[in-house]
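Commentary on secondary and tertiary structure
Each chain, letter by letter, is given below.
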Amino acid sequence: KTIRYAKQAGIYVILDAKRGDIGSTASAYAEGHLGEGGAGADCITVNPYLGSDGIVPFIDAAKKYDKALFSLVKTSNPSSSEFQDRLIDGKPLYRIVGEATEKWGEDNIGEYGYSRVGAVIGATHPEQLAELRAAMPHTFFLVPGYGAQGGKGADLKGFFDENGVGCIVNSSRGI
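A brief structural summary. Since we're looking at a predicted model, the values are computed, not measured.

Definitions and cut-offs
Residues numbered from 1 in each chain as written. Predicted model: local features only at pLDDT ≥ 70, side-chain atom pairs only at ≥ 80, totals over all residues. Heavy atoms only, no water. Helix = DSSP H or I, 4+ residues; strand = E, 2+ residues; numbered from the N terminus. Expected span 1.5 Å × (residues − 1). Buried < 20%, exposed > 50% of the residue type's maximum accessible area, 1.4 Å probe, protein only. Polar contact = N/O pair within 3.5 Å; in protein donor to acceptor, adjacent residues only side chain to side chain. Contact = heavy atoms within 4.5 Å. Core = buried A, V, L, I, M, F, W, Y, C linked by side-chain atoms within 4.5 Å. 1 Å grid on protein atoms, 1.4 Å probe; cavity = no way out; pocket = protein on both sides within 12 Å on 5 of 7 lines; lining within 4 Å. Points joined across faces, edges and corners; volume = space filled by probe spheres on them. Nonpolar A, V, L, I, M, F, W, Y, C, P; charged D, E, K, R; others polar. Pairing = 2+ DSSP bridges. Axes fitted to C-alpha atoms, helices over the stretch in contact; angles between N-to-C directions.

In a regular helix each residue adds 1.5 Å, so twelve residues correspond to 16 Å; helix H5 (residues 93-104) covers 16 Å between its end C-alpha atoms and thus fits that length. Residues Leu93, Tyr94, Val97, Gly98, Thr101, Glu102 and Trp104 constitute the buried set of H5.

Now the structure itself:
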């Protein structure tokens, strides 16, 4: 009901579902959340840690229905570093996932230079911002963790591109 109400009011709806599953199940979730007759969201957050076969169905549905998605890259929660900061061949896992997210979006870049495949990157990790923005120039960022989780306005500059665009700052607990 909330999504229908928001859509009737002309509000863009991002469903923070953090979905991710094996290919066939991911296809069903993608249709259910983004497809006609589904939940009606314009965008969904997805968990890429099952690999590309769990993400590609969401990308395909986003293309088919002119929707978008945000892949979890470097999340705002305090324990994200337990796994996301682990080094693989000298590179942190979040960076590897970020590069994959940028690659998944290569065929989905719109007129403003951004892909329909975005990335969730927490405001609580400003030290990784310049690195991730440079590695992901066509990736729109969804930035949770501002406000109650500790992300500060002064830390947000690096999330935006040189034109001052490229990110949505989320402050759910501040509403």
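More follows now that the structure is in view.
Its location among the elements puts Thr139 in the loop between helix H6 (129-135) and strand E7 (141-143). Residue classification places Thr139 among the buried positions, given a relative accessible area of 0%. Within the local environment of Thr139, its side chain forms a polar contact with the side chain of Glu102, the two groups lying 2.4 Å apart. Among residues more than four places away in sequence, those in contact with Thr139 are Thr101, Glu102, Tyr114, Val117, Gly118, Ala119, Arg133 and Gly166.

With that settled, the discussion passes to the nonpolar core. The biggest cluster of nonpolar side chains holds 18 residues, and the ones touching the most others in it are Ile44, Val46, Phe58, Ile59 and Leu69. Counting 16 residues, the second largest nonpolar core, distinct from the first, contains Tyr94, Ile121, Ala123 and Val143.

Within the fold, Pro126 resides in the loop between strand E6 (117-121) and H6. Given a relative accessible area of 28%, Pro126 falls into the partly exposed group. For Pro126 and Phe159, which are 33 residues apart along the polypeptide, the C-alpha to C-alpha distance reads 8.3 Å.

In this structure, Asp66 is a non-glycine residue whose phi angle is positive, near 55°. Structurally, Asp66 can be placed in the loop between helix H3 (56-65) and strand E3 (68-74). Here Asp66 falls in the exposed class, since its relative accessible area comes to 61%. Its identity as a non-glycine residue notwithstanding, Asp89 has a phi of 50°, on the positive side.

Moving on: the layout of surface pockets. One number sums up the size of the largest pocket: a volume of about 640 Å³. If you go around the largest pocket, you meet 27 residues; those closest to its centre are Asp16, Lys18, Pro144, Asn170 and Ser172. Taken together, the elements giving at least two residues each to the lining of the largest pocket come down to strand E1 (14-19) and helix H4 (81-84). It is E1 that provides the largest number of residues to the lining of the largest pocket, a total of three residues. Split by residue class, the lining of the largest pocket holds twelve nonpolar, twelve polar and three charged. Put simply, the second largest pocket is a space of about 310 Å³. What lines the second largest pocket is a set of 16 residues, and nearest its centre among them are Tyr12, Ala68, Tyr114, Ser115 and Arg116. With three residues, the top contributor of residues to the lining of the second largest pocket is E3.

Moving on: the sheet that holds E6. Sheet architecture is open: six strands sit in the order E1-E2-E3-E6-E7-E8, paired in parallel fashion. Here the strands that pair on one side only, and so sit at the sheet edges, are E1 and strand E8 (167-169). Taking the axes of each pair of neighbouring strands and ignoring which way they run, one obtains an average angle of 25° across the sheet. Two elements, E1 and strand E2 (residues 43-46), share three bridges in a ladder whose sense is parallel. Bridge pairing in E2 places Arg19 opposite Val46. Across the sheet, H3 touches E1, E2, E3 and E6, and the angle it forms with E3 is around 150°. On the sheet, H5 packs against E3 and E6 and is oriented at approximately 160° with respect to E3.

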